[in-house]
Amino acid sequence: MLADGEPLTRVWRHAVAQMLDDYQSVLRAHGIDAAAAMWSPRPGTTTDVRVDAALAAMAEYLARRDGWPPPAWVSEPRREAVPWWFVTELTGLHPRALVESPASFRRRGVFITSDALERV
């Protein structure tokens, strides 16, 4: 998607959010160990530091939320978004994203609103 010039908001929706959906599905069907194992291999770079940072933030967020140890790769310095990435393009929501982003996202310079991780 990045190589094709897709906007980052689409990458969030179709890649990062899809990883969350896949994780939730594996968690329900096979349990915490299988779901956590999805995040144990170090992913290669996506060619965009913001997306790499978002994936690390998601892995740490899920690990802390569900009680499994975060993989070591989430602490790599290259997984920080510089400049910061506000996932929403609606600038009026940026102050809200600064406040609502989980710590694992804020620490990496990725800012989301609380509903960004809600799944239906």
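Residues numbered from 1 in each chain as written. Predicted model: local features only at pLDDT ≥ 70, side-chain atom pairs only at ≥ 80, totals over all residues. Heavy atoms only, no water.

Student: Explain the pattern of salt bridges residue by residue, including any values.
Tutor: Per the counting criterion, the structure on display carries 10 salt bridges. Across the salt bridge formed by Glu 76 and Arg 78, the nearest N and O atoms sit 3.4 Å from each other. According to the relative accessible area criterion, Glu 76 is buried, its value standing at 17%. For Arg 78, a relative accessible area of 38% puts it in the partly exposed group. (Salt bridge = Lys/Arg side-chain N within 4 Å of Asp/Glu carboxyl O. Buried < 20%, exposed > 50% of the residue type's maximum accessible area, 1.4 Å probe, protein only.)

Student: A description of the packing of aromatic side chains should follow, citing residues and the corresponding values.
Tutor: On inspection of all chains with the given rule, the structure shows four aromatic pairs. An angle of 55° between the planes, with centres 4.8 Å apart, marks the rings of Trp 84 and Phe 111 as tilted. Of the two residues, Trp 84 sits in the loop between helix 3 (49-66) and strand 1 (85-86) while Phe 111 sits in strand 2 (residues 110-111), which places them 27 residues apart along the sequence. Residue classification places Trp 84 among the exposed positions, given a relative accessible area of 55%. Residue classification places Phe 111 among the buried positions, given a relative accessible area of 3%. Joined through ring pairs, the aromatic side chains of Trp 84, Phe 86 and Phe 111 make up one cluster. (Phe/Tyr/Trp six-rings, centres within 6.5 Å; stacked < 30°, edge-to-face > 60°. Helix = DSSP H or I, 4+ residues; strand = E, 2+ residues; numbered from the N terminus.)

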